[in-house]
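# Topology and contacts: notes
Chain by chain, the residues run as shown.
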Amino acid sequence: MLNVFTLANGRLFQEEIESLDALADVKPVWVDLEAPTPEEKGWIAQHFGVTIPEDAVDDDLEESSRFYEEDSGELHIRSDFLIDDGETPRNVRVAFILFRNVLFSVHDEDLPVFRLLRLRARRIPALIDDAKDVLLKLYDADAEYSADALEGIYDSLEAVSNRVLKQNVNDEIAGEALSAIAREEDLNGRIRRNVMDTRRAVSFMMRSRLLNAEQFEEARQIMRDIDSLDSHTTFLFDKINFLMNATVGFININQNNIIKIFSVASVALLPPTLIASIYGMNFRVMPELDWSLGYPFALALMLASVAAPFIYFRRKGWLR
């Protein structure tokens, strides 16, 4: 099934095409192919004369093959779009082909940015004039979606800051904080990659000289938005590094406290060990061996030798 969008009064109208014959009755401005079958690719080739490459959405596609123009006039652009579903954020490759004022998009899964554009284009009149507008509006919505994802990272890091910096941090809290920070770092990295890829794609469109004056100005505005997002991702990376270092520092403090207790215990047990070793010697002349209170005296001496270091360490504040 193909999602075909026609244009009327600046609004997009969606039709679901299930056969080659049905394509003859529509004049689309945008044809969206989500996980297309070979049969559906054949319909596109027969009706529009556009061949969808087999490696259109491959992740290992060479960078030099992501933006180019064919001799026939086909404009090929491969871009990454962000999906932030709260569980497994990821970048999804989308292949665009612009040919004879029809935009073809190929991707493996549904994208929030595409849903957002479809919703806006149905509600807002005069939003889109041609296929190039569709592509620009997709990149504009992608930048806005990335901005929303960045706001989510701000909120998540603020919650982590409140937990880590405003209360006593035990190992359990520190572990949860590290997991949250790692998730936000991964998402921030994906957003940065996404906006960098969008910048390259919009820059390619501006250099291709296909845009009219109004579209060129819109592309420049998208570039300015991306520049502002870039600075936000840099700030968030710094904040993430700070929270990561702070959390690891609290973990080290907790570990040092544990090691300190073991160190104090080992030092405190050295005097009674020394006393026990002395009275365990097999010397003939040892006055306490014949003393009736020798055994209680040795035990009391051991207890006193343990208590004395603990009292000293406590007064010094080393047990806090």
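Structural notes, computed from the coordinates. (Residues numbered from 1 in each chain as written. Predicted model: local features only at pLDDT ≥ 70, side-chain atom pairs only at ≥ 80, totals over all residues. Heavy atoms only, no water.)

### Remarks on the pairing of strand S7 (residues 102–107)
Worth spelling out the cut-off: Burial classes: relative accessible area under 20% of the type maximum marks a residue as buried, over 50% as exposed, and values in between as partly exposed (1.4 Å probe, protein chains only). Counting from the N terminus, the helices are the DSSP runs of H or I reaching at least four residues and the strands are the DSSP runs of E reaching at least two. When DSSP locates at least two bridges between a pair of strands, those strands are taken to pair.
Burial within S7 is extensive, with 6 of its 6 residues counted as buried. Across the two faces of S7 the burial is the same, with Val-102, Phe-104 and Val-106 and Leu-103, Ser-105 and His-107 all buried. Here 5 bridges tie strand S3 (residues 30–34) to S7, and the two strands are oriented parallel to one another. Residue pairing in the sheet places Glu-34 in a bridge with His-107 of S7. As defined by bridge partners, strand S6 (residues 90–99) adjoins S7 across 5 bridges and the pair is classed as antiparallel. Residue Ile-97 lies in a different strand from S7, and its bridge partner there is Phe-104. Counted between consecutive antiparallel strands, the loop separating S6 from S7 contains 2 residues, among which Arg-100 sits at a positive phi close to 55°.

### Let's talk about the layout of surface pockets
What counts here: Only protein atoms enter the 1 Å grid used here, on which a cavity is any set of points holding a 1.4 Å probe that cannot leave and a pocket is any open set flanked by protein within 12 Å on both sides along at least five of seven lines; residues with an atom within 4 Å of a point are listed as lining. Grid points are joined across faces, edges and corners, and a volume is the space filled by probe spheres set on the points. Amino acids outside the nonpolar list (Ala, Val, Leu, Ile, Met, Phe, Trp, Tyr, Cys, Pro) and the charged list (Asp, Glu, Lys, Arg) are all regarded as polar, and Gly is one of them.
Taken as a whole, the largest pocket encloses approximately 180 Å³ of empty space. In terms of lining, the largest pocket is formed by Asp-84, Gly-86, Glu-87, Pro-89, Ala-149, Gly-152, Ile-153, Ser-156, Arg-183, Glu-184, Asp-186 and Leu-187. Mapped by element, the contributors of at least two residues to the lining of the largest pocket are helix H4 (131–165) and helix H5 (171–207). Here the lining of the largest pocket is composed, by residue class, of 4 nonpolar, 3 polar and 5 charged.

### Observations regarding the packing of helix H3 (residues 112–123) against H4
To keep things clear, this is the line we draw: For helices, the fitted axis covers only the stretch in contact; all axes are lines through C-alpha atoms, and the angles between them, taken along N-to-C directions, range from 0 to 180 degrees. Relative orientations are named as follows: roughly parallel for angles under 35 degrees, roughly antiparallel for angles over 145 degrees, roughly perpendicular for angles from 65 to 115 degrees, and oblique for any other angle. Here a crossing is taken to be left-handed if its near helix is turned anticlockwise relative to the far helix by less than a right angle, and right-handed if that turn runs clockwise. It only takes one pair of heavy atoms within 4.5 Å for two residues to be counted as in contact.
Viewed as axis vectors pointing N to C, H3 and H4 meet at an angle of 120°, and their least axial separation amounts to 9 Å. Taken as axis vectors, H3 and H4 run oblique relative to one another. Between H3 and H4 lies a crossing of right-handed hand. Facing Pro-112, Val-113, Phe-114, Leu-116, Leu-117 and Arg-120 of H3, the residues of H4 in contact are Val-134, Lys-137, Leu-138, Ala-141, Asp-142, Glu-144 and Tyr-145. Its residues assigned to classes, the contact of H3 with H4 shows 9 nonpolar, no polar and 4 charged.

### Here's the deal with unusual backbone geometry
With phi around 55°, Arg-100 is a residue other than glycine that occupies positive phi space. Its location among the elements puts Arg-100 in the loop between S6 and S7. Phi is positive for Asn-101, which is not a glycine, with a value near 60°. Within the fold, Asn-101 resides in the loop between S6 and S7.

### Considerations on the environment of Arg-93
Here Arg-93 lies in strand S6. Taking the C-alpha atoms as reference points, Arg-93 and Phe-104, separated by 11 residues in sequence, lie 14 Å from one another.

### Some remarks on the packing of aromatic side chains
The cut-off we apply is this: Only Phe, Tyr and Trp rings are paired, with Trp represented by its six-membered ring, and only when their centres lie within 6.5 Å; those with planes under 30 degrees apart are stacked, over 60 edge-to-face, the remainder tilted.
Applying the stated rule across the entire model yields 10 aromatic pairs. For the ring pair Phe-48 and Phe-104, a centre distance of 5.0 Å and an interplane angle of 75° mean the geometry is edge-to-face. Linking Phe-48 in helix H2 (residues 38–48) with Phe-104 in strand S7, this pair joins segments that are 56 residues apart in sequence. By the burial criterion, Phe-48 is buried, and Phe-104 matches it. Their ring planes at 70° and their centres at 5.9 Å tell us that Phe-81 and Phe-96 sit as a pair that is edge-to-face. Of the two residues, Phe-81 is situated in strand S5 (residues 75–83) and Phe-96 in strand S6; the sequence distance between them amounts to 15 residues.

### Observations regarding H3
Let me state the cut-off plainly: Take the number of residues in a helix, subtract one, and multiply by 1.5 Å to get its expected span.
Between its first and last C-alpha atoms H3 spans 17 Å; for 12 residues at 1.5 Å apiece the expected length is 16 Å, and the two agree. Those residues of H3 not exposed but buried are Pro-112, Val-113, Phe-114, Leu-117, Arg-118 and Ala-121.

### What about the environment of Asp-227?
Positionally, Asp-227 belongs in helix H6 (residues 213–268). Measuring from C-alpha to C-alpha, the distance between Asp-227 and Lys-41 comes to 37 Å, with 186 residues separating the pair along the chain.

### Considerations on the sheet that holds S3
Hydrogen bonds between backbone groups are what pair the strands of a sheet, and the pairing can be parallel or antiparallel. Reading across from one edge, S2-S1-S3-S7-S6-S5-S4 is the order of the 7 strands in this open sheet, with mixed pairing throughout. Either end of the sheet is taken by a strand with one partner, and the two such strands are strand S2 (11–17) and strand S4 (67–69). Strand-to-strand twist across the sheet, computed as the mean angle between neighbouring axes with direction ignored, equals 25°. Those strands touched by H3 are strand S1 (2–8), S2, S3, S5, S6 and S7, and its axis lies near 120° from that of S2.

Everything listed is a geometric property; what it means functionally is a separate question.
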